[in-house]
Amino acid sequence: MRAAVEGSLAERFDDGEKEKKKKRRSNRRSKQNPPSSSASEVNEAQGVSPDSGKNGTAAHASASLSSSLKQVNVCSPNEQGFSKASNVAFISMPPMHINEQVEHGDLRFVPMHGGGVESKSFSEPTGCRGSSGTNKNKDSVPCGQIGFCAQKNYFSPHWSVEAVEKASEKGDVFNALFHVNAHNKHEAYCKIDGVSTDILIGGIPAQNRAVEGDIVAVKIDPLPLWTKMKGPNGSCNNTATQEGSNLTEDNEEGGNICKGKAKVDADYESVHCRSYPGQIKEDADQNSSNRSYPSPEKRLVYEDNTSRGSTNHLDVHGMISHDSINGHHCAAPDSLKINSCSGHSEIVNAVEKLCLLVNSFPSKRPTGRVVAIIERSPRREGIVGHLNVKQWVPFRDISKKDVKKNKNLISEHEYIQLIPIDPKFPIMMLPVRKLPECIKKRLKSGDVTMEMDLVAAQIDNWVEESPFPEAHVFRVFGRGGEVQSQLDAILFQNAICLSEFPPEALSCLPCVPWEVPLKEIQSRIDLRNMCIFTIDPSTATDLDDALSIEKLPNGNYRVGVHIADVSYFVLPDTALDSEAQRRSTSVYMLQRKLPMLPALLSENIGSLSPGVDRLAVSMLLDINLAGDVVDCWIGRTVIHSCCKLSYEHAQDIIDRAFDFEGSNFIEDGYPRVYGHFEWPDVIKSLKSLYEISNVLKQKRFTDGSLRLENPKIVILFNEDGDPYDSMLSERKESNFLVEEYMLLANRIAAEVICRAYPDGALLRRHPEPNMRKLREFMAFCQKHGLDLNTSSSGQFHWSLEQIREKLKGDPVLYNILISFATRPMQLASYFCSGDLKGSENEWGHYALAVPFYTHFTSPLRRYPDIIVHRTLLATIEAEELYMKHYKGVKVQKRCFTGINFDKNAAESIEGREALSAAAEKHSVPCAEILADIAAYCNERKLASRNVKDACDKLYIWFLLKKKEVLLSEARILGLGPRFMSIYIQKLAIERRIYYDEVEGLTVEWLETTSTLVLSMCNNRCAFRKGSSNKWRAFEEVALLTCPYNLKVTMDNSKVSDAKVDDSISVLDREPISGSDSVETEIDPAVFPLTVRVLSTIPVALHAVGGDDGPLDIGVRLYMSSYFG
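Residues numbered from 1 in each chain as written. Predicted model: local features only at pLDDT ≥ 70, side-chain atom pairs only at ≥ 80, totals over all residues. Heavy atoms only, no water.

Draft legend 1. A look at the overall build of the protein chain. Assigned secondary structure in the protein chain consists of 28 helices and 39 strands. Across the 1124 residues of the protein chain, 60% fall into the buried class. Sequence separation of 24 or more characterises 75% of the internal contacts of the protein chain that already satisfy a separation of 6 or more. Surface accessibility of the protein chain: about 45,000 Å² in total, with carbon and sulfur atoms responsible for 49%. (Helix = DSSP H or I, 4+ residues; strand = E, 2+ residues; numbered from the N terminus. Buried < 20%, exposed > 50% of the residue type's maximum accessible area, 1.4 Å probe, protein only. Contact = heavy atoms within 4.5 Å. Areas by Shrake-Rupley, 256 points an atom, 1.4 Å probe, with all protein chains shown as cover.)

Shown next, in the form of structure tokens:
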């Protein structure tokens, strides 16, 4: 290996000398014919002169901004952790047909304003050669060694903090969270709060060194430069897309050990019951060549106009002054014709102005570019990937002579690459001098196995002169193909706390054995004589909710929702409270749980275990037969659970008609019933709860709630803890029963706390769907003759129900539609009500169709629930204080916590004093602190979900690796001349099969009928003009078997390098679901293969990556032929 590297160094030096000569000639020509581009606008915004690129001022400005931004709330992984985790999606989104695909070929740059570049078929180079130009930062990657041309800058300088603030005040730029398309990193998008669609950032130069998770300043392009929107109101340009901003929340089920209640973070709350863990849906618009984006010259025309002060490009008058859009005359809509002749036109907020444009031109998608990085993502501090020592980049002052003379030379100015396993992050350059000694030794010795290791690196710098950031490695996890290494990397990427609870936190808990103190029994409502029980997964140990029900004389039912009183043990401003807040949520990893609270509390004294007295915060809800809550009581209680039911037990009770006298519940595996209650009491209560839950569910959907639910993959483990199979699982009625009461309790808690503390309530909001993605989904439905009404969440739900009836005979297609329907959904998040004061219309929860929502029912595993408990208890105490003040005077009994809120009482002097005193006693955070808590909890919740998803994906990959090949049927979702997008029901995932430029395969795409014909051919394919000239092997696209091999028994030998794979006859054809009793035969297809959208085809799945790259699931056509 060392010899090969030395030879490569020498060759690259020669190449570099040749490149220098070419570039000198090119520079002489360019001086004679200077480009017409201008950077006046960028320079004005930065406070630098147009000549700054020549004298180095621009670089200095960028450096000063970088240093100033270091002071802006950048979290270290040890403090607040990462906001996102690695999400290598197993998915792609196809509206209809697929005609274009990003070329993974060479990297080509063309000049751009401000020294930047515009990307054409932009792809990260796998190697770097050439060495011209100077590098102002000796510690950064030299421009010449990795660039393919002699441009001074690859990127425009970042604006200064002052320039960004000034532009933000004018409405010229917007702060937004930056996301990258996992399928095409040359496309990124930013979501601006209040705008119904995201902003497309097209091309690496426009991304301007931002990385996934950064908060950036975005400058919106003028309207004529916006791209066409796909969907019914835009053009559907035959592309396959993969949706990306629906990071909606999900149940936190943790396999066999997870609490796993769909309950509060269920599909109604998230509207996202994903069919496969880890599916973070990204935009994958394949028309990513530069014709989709404005050319640099075109861009400069409008930017130059703006810089002269003619108009802000978001100004509605300026917009309609352009008489054409993409070459077509565009009349100004009436909605934009604001009276400008009066001289005092109404001042419109910049976001409202942008919304006006977006809504007025629904066929256009806004585009923009990053002008500054406001806050760097914590993900920059821990990016996991593989080293690529084959792409060893020498510094230009290492001559070929020096390389040949010193065989052991490793220059202090050499670089190797790091390829992140998350495709949303850029390739990084690692200076050899900064590598850990253990890696340096292996590098010197030529140890090629080091490329198999997973390592973590931190981005140090990314200057304008370099297309790649510079980073350094600080941790090695081990082989990428080993499960433990992957698990360690997953936890590291998400900054999950693995340490034991500190002694200071444990000292806050009482000693065991522990019993409820007599003082608490006397001061609380005693409900120990009620038939109360829990319903949880069979392996759950953190039981934080229980239910009860009794029928009242007036015919109504009194339902009790009893939640563990964790706030009694976790007191504010203690070491235990700080530790719980730092962890924020429990993390579930299938075979392991990382709890938010110590086991002594979460699994013992705080858990609502059966047969023992426990402290609770209870809601007693009087519900009539129509599902209306007619009365409500909330307070601290003492309860005694009589039984711990599993979901399976509860479902069995719902389904069966019991013979109480003849049934032997112990022999049937049912749990013990404690106290003076017996099984008939439990069964009667459960059936009543089930009946009322159905009424509540029906009412909720009638009121406009939305449910999107798909089967989930469940991993099956053997006694040793090793995964051996997986199966599709759907939630049952017992899951929905519990969920209904948890949703109701959360909604009531939200109403109580936001009425009492309108500026200091911790709530949870779910914004309306992304309009662009919703239009794409509507276009897909229309294409296939399905009516869809998305005017509201309720209409959306009933439309899907009608589609479900229409597709009764095709459940796979319905599952596909539900998967697509989740993609426009946005992320639900915690927020402080005071942060959105005056914007109450943004408080609501779209999926649940309610104005207020929060999390109250899981305080053992979610820190926000503890905050909500404290706020509720403060409201209850304020109510008691207010009542004491008016003792003897007739006032409303439950003026703050009852169904009818007494606003006059709350706003009175006595009411305000009572609420303030109670808030101080229970340490309810002020609005500013609460906003920070909400933001941090959002990060941790997302990280926890990412860990679970990544673990699920890891075990699916591990199962496929053991099986080697898994045969399955797949449905074609998108089709075109280059690749197809398919849905694999067996794993509930989506994948792509690329069949262009494959040796031995001819492709015929019939555009008029949207039909694809694939045929085998024996002739060697000729190179196509403009192609990469790299034909792929037939085996990469199809697993081929001979027909006679399907009928005979073969040994276990494999034919690895033949087109006809004789080993297919011995592959395990049993469905991956161990629950299926009937063996499913998957028959191969034959050539010529003729398919259309929604056709069913056989495919072969296999594990990809591990030691040599990111984990993935590969898919090939499963074909049969006599010709090899």
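Read on for the rest.
Draft legend 2. Examining the sheet that holds strand 3 (residues 173-180) more closely. Judged by pairing direction, the sheet is antiparallel, and its five strands sit side by side in the order 5-4-3-6-11 without closing on themselves. Since the sheet does not close on itself, it has two edges, and those belong to strand 5 (199-202) and strand 11 (368-375), each with one partner. Neighbour-to-neighbour, the strand axes of the sheet open up by a mean angle of 40°, direction not taken into account. For strand 3 and strand 6 (residues 215-220), the ladder comprises five bridges, and the chain directions are antiparallel. Opposite Phe 174, over in strand 6, you have Val 218 as the bridge partner. The sheet contacts of helix 6 (residues 161-170) involve strand 3, strand 6 and strand 11, and relative to strand 3 the element is tilted by about 110°. (Pairing = 2+ DSSP bridges. Axes fitted to C-alpha atoms, helices over the stretch in contact; angles between N-to-C directions.)

Draft legend 3. Structural context of the pairing of strand 3. Along strand 3, six of the eight residues are buried, which leaves the element largely enclosed by surrounding structure. As paired strands, strand 3 and strand 4 (residues 187-191) are joined by four bridges and run antiparallel to one another. Paired with Phe 178 across the strands is Cys 190, a residue of strand 4. Where strand 3 folds back on strand 4, the antiparallel hairpin that results is connected by six residues.

Draft legend 4. Spotlight on the packing of aromatic side chains. All told, the structure shown has 15 aromatic pairs when counted by the stated rule. Ring geometry for Phe 155 and Trp 462: centres 5.6 Å apart, planes at 85°, overall edge-to-face. Placement of Phe 155 in the loop between helix 5 (143-146) and helix 6 and of Trp 462 in the loop between strand 15 (453-461) and strand 16 (470-479) is noted, with a sequence separation of 307 residues between them. Among the aromatic residues, those joined into a cluster by ring pairs are Phe 474, Phe 477 and Phe 492. The aromatic ring of Phe 736 is capped on one face by Arg 707, whose charged end is 4.9 Å from the ring centroid. Looking at Lys 773, its charged tip hangs above the ring of Tyr 189, at a distance of 5.2 Å from the centre. (Phe/Tyr/Trp six-rings, centres within 6.5 Å; stacked < 30°, edge-to-face > 60°. Lys NZ or Arg CZ within 6 Å of the ring centre and 35° of its normal.)

Draft legend 5. Spatial organisation of the pairing of strand 39 (residues 1112-1120). In terms of burial, strand 39 is a largely internal element, nine of the nine residues being buried. The sheet contact formed by strand 35 (residues 1038-1041) and strand 39 spans four bridges and is parallel. Residue Leu 1040 lies in a different strand from strand 39, and its bridge partner there is Met 1119. With two bridges connecting them, strand 36 (residues 1085-1086) and strand 39 associate as parallel partners. Of the residues in strand 39, the one forming a bridge with Val 1086 is Ser 1120. With six bridges connecting them, strand 38 (residues 1096-1104) and strand 39 associate as antiparallel partners. Following the sheet pairing, Ala 1100 is matched in strand 39 by Arg 1116.

Draft legend 6. Structural view of helix 6. Taken together, the buried positions of helix 6 are occupied by Ala 163, Val 164 and Ala 167. Projected down its long axis, helix 6 carries its buried residues within an arc of 100°, all on one side. Summarising the geometry of helix 6, the exposed residues directed more than 90 degrees from the buried face are Glu 162, Lys 166 and Glu 169. Looking one or two residues beyond helix 6, the residue adopting positive phi is Gly 171, at roughly 85°. (Arc of directions from axis to C-beta.)

Draft legend 7. Structural detail: the nonpolar core. Ranked by internal contacts, the top residues of the largest apolar core, which has 91 residues, are Phe 533 and Tyr 741. Top contributing element to this core by residue count: helix 21 (residues 733-756), with twelve residues. Leu 491, Leu 807, Ile 984 and Leu 987 belong to the second largest nonpolar core, which has 81 residues in total. (Core = buried A, V, L, I, M, F, W, Y, C linked by side-chain atoms within 4.5 Å.)

Draft legend 8. Inspection of the environment of Ser 567 at higher detail. Positionally, Ser 567 belongs in the loop between strand 20 (557-564) and helix 17 (575-583). Looking at Ser 567, the relative accessible area reads 6%, which means it is buried. Ser 567 sits 302 residues away from His 869 along the chain, and the two C-alpha atoms are 6.7 Å apart. Setting aside its immediate chain neighbours within four residues, Ser 567 contacts Arg 636, His 869, Arg 870 and Leu 873. Here Asp 565 takes part through its side chain, which lies 2.9 Å from a polar atom of the side chain of Ser 567. (Polar contact = N/O pair within 3.5 Å; in protein donor to acceptor, adjacent residues only side chain to side chain.)

Draft legend 9. How the structure looks around the sheet that holds strand 37 (residues 1089-1092). In space, the three strands of this open sheet follow the order 33-34-37, with antiparallel pairing throughout. Two strands close off the open sheet at either side, each with one partner strand: strand 33 (1001-1006) and strand 37. Looking at each pair of strands side by side, their axes are set apart by 20° on average, direction ignored. Bridge count between strand 34 (residues 1011-1016) and strand 37: four bridges; the pairing is antiparallel. Residue pairing in the sheet places Leu 1012 in a bridge with Val 1091 of strand 37.

Draft legend 10. Local environment of the pattern of salt bridges. Under the defined criterion, the tally for this structure stands at 46 salt bridges. In this structure, Asp 447 engages Arg 442 in a salt bridge whose closest nitrogen and oxygen atoms are separated by 3.0 Å. Under the relative-accessibility criterion, Asp 447 is labelled partly exposed at 23%. On the basis of relative accessible area, Arg 442 is assigned to the partly exposed category, the value being 24%. For Arg 945, the salt bridge identified is with Asp 949, shortest N-O distance 3.8 Å. One end of the pair is Arg 945 and the other is Asp 949, both in helix 28 (residues 927-963) and four residues apart, which spans about a single turn. Exposure remark for Asp 949: the relative accessible area of 1% places this residue in the buried category. Taken together, the salt bridges that share partners define one network made up of Asp 198, Arg 365, Arg 772, Lys 773 and Glu 776. (Salt bridge = Lys/Arg side-chain N within 4 Å of Asp/Glu carboxyl O.)

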